[in-house]
Amino acid sequence: MTRPVALALRALGLGDFLTGLPALQLLKRALPRHELVLAAPGVFAPLIPAVLGVDRLEPTGELMPVDRRYRGVDVAVDLHGKGPASRRLLAALEPARLVGFSDPAAGFSGPAWYPQEHEVTRWCRLVGTAFDLGDTTWPSVVGAVSVHVAGAEAGLTIVHPGAAAGSRRWPAERFADVAAQLHLMGHRVVISGGEAERSLAEWVSLASGAPTLMGLSLPRLMSVVASAHLVICGDTGLAHIASNYRTPSVVLFGPVSPALWGPPLDPRHLALFHGDGTGDPHGTEPDEALLRITVSEVLDGVHRIARALDTQPQPETSGQGRR
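Residues numbered from 1 in each chain as written. Predicted model: local features only at pLDDT ≥ 70, side-chain atom pairs only at ≥ 80, totals over all residues. Heavy atoms only, no water.

## Details of the packing of helix α1 (residues 14-30) against helix α3 (residues 119-130)
In helix packing, the relevant descriptors are the interaxial angle and the interaxial distance, both defined with respect to the helix axes.
Point 1. Across the interface, α1 lies against α3 with an axial gap of 8 Å and an inter-helix angle of 20°. Relative to α3, the element α1 lies roughly parallel. Of the two possible hands of crossing, α1 and α3 adopt the one that is right-handed. For the pair formed by α1 and α3, the contact residues are T19, P22, A23, L26 and L27 on the first element and E119, V120, W123, C124 and V127 on the second. (Axes fitted to C-alpha atoms, helices over the stretch in contact; angles between N-to-C directions. Helix = DSSP H or I, 4+ residues; strand = E, 2+ residues; numbered from the N terminus. Parallel < 35°, antiparallel > 145°, perpendicular 65-115°, else oblique. Left-handed = near helix turned anticlockwise from the far one by under 90°. Contact = heavy atoms within 4.5 Å.)

See below:
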């Protein structure tokens, strides 16, 4: 017998993918007999076998139509946003039931959207309310995906200077200063980045003397973060990978408050923030709140985490070169 299908739309970036997983797990709890299909970018396909609850990924781009073979799907859930564009993509499939936040102007019913709600909590509340699941408090993305690739190097301190928007990128020279000082303290520092961030990562590498860690597949990157000593980055997807694996992290926030996108309350994680959350998360220049974070503050944060966890970096082994 063919299983009914529940299709969830969340065609966004890595951080969005990870923060949406708890809601998908709740959806599977609500509909255990359904095949749960996630409509999201194809780059996440290698992670799906390690995601509890999701049965299949349907590749699609941001606000791109979902394949028409899902027309008449039993349940469609808008985990993409609050606006009418994503809801209309799902409505075009003519599902038996369409779930999303309320948008009276567009004629869509549902729970109210709360602007000052943490991203994980928001989508869990939507699913929990729609399917009468009761208490759906879900503190974080911890353990949402379990990817471990053999041979991933352990014990690294990962400095990641990139972010999707310039307003969320702390100055490169400050990242380089942090990386250089951590190396002097005995950390095995690497500078990470995606292909689009190659020039930035290479600049920080040259300025700090730390090697780059580039060109990794998504599963291998997640495995490296899982076994890392520490992650230092801005408000970007790598921070959520660290949260998923409970890898210690110092996360630098600027235009967006950590109350909305920050790591869970855990001594392993420190969110630095000196703003009011009113900046532009898609701006081209570093947000003023982000610029208020100093190099010494980041280094002090590293010490605070080490004291809380009573951990020290592992020294570099002999023969380990820099590239």
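There's plenty left to go through after this.
## Points about α3
Point 1. Helix length check: α3, at 12 residues, gives a terminal C-alpha distance of 17 Å against a target of 16 Å (1.5 Å per residue), a fit within 8%.
Point 2. Within α3, 10 of the 12 residues are buried, which leaves it mostly tucked inside the rest of the structure.
Point 3. Buried positions along α3 lie against α1, β4 (75-78), β5 (97-99) and α8 (258-261).
Point 4. D132 sits one or two positions beyond α3 and adopts a positive phi of about 50°. (Expected span 1.5 Å × (residues − 1). Buried < 20%, exposed > 50% of the residue type's maximum accessible area, 1.4 Å probe, protein only.)

## Considerations on the pattern of salt bridges
Point 1. Counting across every chain of the model gives 15 salt bridges.
Point 2. A salt bridge links R71 to E94; the shortest N-O distance between them is 3.3 Å. Taken together, the positions of R71 in the loop between β3 (56-59) and β4 and E94 in the loop between α2 (84-91) and β5 put the pair 23 residues apart, joining distant regions of the chain.
Point 3. Taking the shortest distance from any N to any O, the salt bridge between R198 and E195 comes out at 3.0 Å. (Salt bridge = Lys/Arg side-chain N within 4 Å of Asp/Glu carboxyl O.)

## Describing the sheet that holds strand β7 (residues 189-192)
Sheet strands pair by backbone hydrogen bonding; their relative direction is either parallel or antiparallel.
Point 1. Here we have six strands laid out as an open sheet, ordered β8-β7-β6-β9-β10-β11, and parallel in their pairing. Sheet topology places β8 (212-213) and β11 (269-272) at the edges, where each strand pairs with a single neighbour.
Point 2. Here strand β10 (residues 249-252) runs beside β11; their pairing, made up of four bridges, is parallel. Paired with S249 across the two strands is H269, which belongs to β11.
Point 3. Where helix α5 (residues 198-208) meets the sheet, its contacts fall on β7 and β8, and the angle it forms with β7 comes to roughly 155°.
Point 4. The sheet strands contacting helix α7 (residues 237-245) are β6 (157-160), β7, β9 (230-234), β10 and β11, and the helix crosses β9 at an angle near 150°. (Pairing = 2+ DSSP bridges.)

## Observations concerning the sheet that holds β3
Point 1. With respect to topology, five strands assemble into an open sheet ordered β3-β2-β1-β4-β5, the strand pairing being parallel. Each edge of the sheet is formed by a strand with only one pairing partner; in this case those strands are β3 and β5. Pairwise comparison of adjacent strand axes, ignoring direction, gives a mean angle of 20° for this sheet.
Point 2. Against the sheet, α1 makes contact with β1 (5-9), β2 (35-40) and β4, and its axis sits at roughly 160° relative to β2, the strand it touches most.
Point 3. Across the sheet, α2 lies against β1, β4 and β5, angled at about 170° from β4, the strand it touches most.

## Comments concerning the packing of helix α4 (residues 172-184) against helix α10 (residues 295-309)
Point 1. Where α4 contacts α10, the two axes come as close as 10 Å, and the packing angle between them is 40°. One way to sum up the angle between α4 and α10 is to call them oblique. The two elements α4 and α10 cross, and the hand of that crossing is right-handed. Here α4 contributes R174, D177, V178, Q181 and L182 to the contact with α10, which in turn contributes V295, V298, L299 and V302.

## Some details on the packing of aromatic side chains
Each pair of aromatic rings is reported with the distance of its centres and the angle of its planes.
Point 1. The tally for this structure, following the rule as stated, stands at five aromatic pairs.
Point 2. Here the aromatic rings of F17 and F44 are separated by 4.4 Å at their centres, their planes lie at 15°, and the arrangement is stacked. Of this pair, F17 sits in helix α1 while F44 sits in the loop between β2 and β3, placing them 27 residues apart in sequence.
Point 3. By relative accessible area, which is 4% here, F44 ends up buried.
Point 4. Centre to centre, the rings of F101 and W113 are 5.2 Å apart; their planes meet at 80°, and the pair counts as edge-to-face. Placement of F101 in the loop between β5 and α3 and of W113 in the loop between β5 and α3 is noted, with a sequence separation of 12 residues between them. (Phe/Tyr/Trp six-rings, centres within 6.5 Å; stacked < 30°, edge-to-face > 60°.)

## As for the environment of W113
Point 1. Its relative accessible area of 23% is what places W113 among the partly exposed residues.
Point 2. Put simply, W113 and H148 are 35 residues apart on the chain and 36 Å apart in space, counted from C-alpha to C-alpha.
Point 3. With near-sequence residues (within four places) excluded, W113 lies in contact with G81, K82, F101, R122, W123 and R125.

## Points about unusual backbone geometry
Point 1. Non-glycine residue E94 carries a positive phi angle of around 55°.
Point 2. Located in the positive-phi region is D132, a residue other than glycine, with phi close to 50°.
Point 3. Note on placement: D132 falls in the loop between α3 and β6.
Point 4. A residue is classified by how much of its surface remains accessible, and D132, at 71% relative accessible area, is exposed.

## Brief notes about the side chain of T236
Point 1. For T236, the location among the structural elements is in the loop between β9 and α7.
Point 2. Excluding anything up to four places from it in sequence, T236 contacts H160, G162 and A163.

All we've got here are geometric facts, nothing functional implied.
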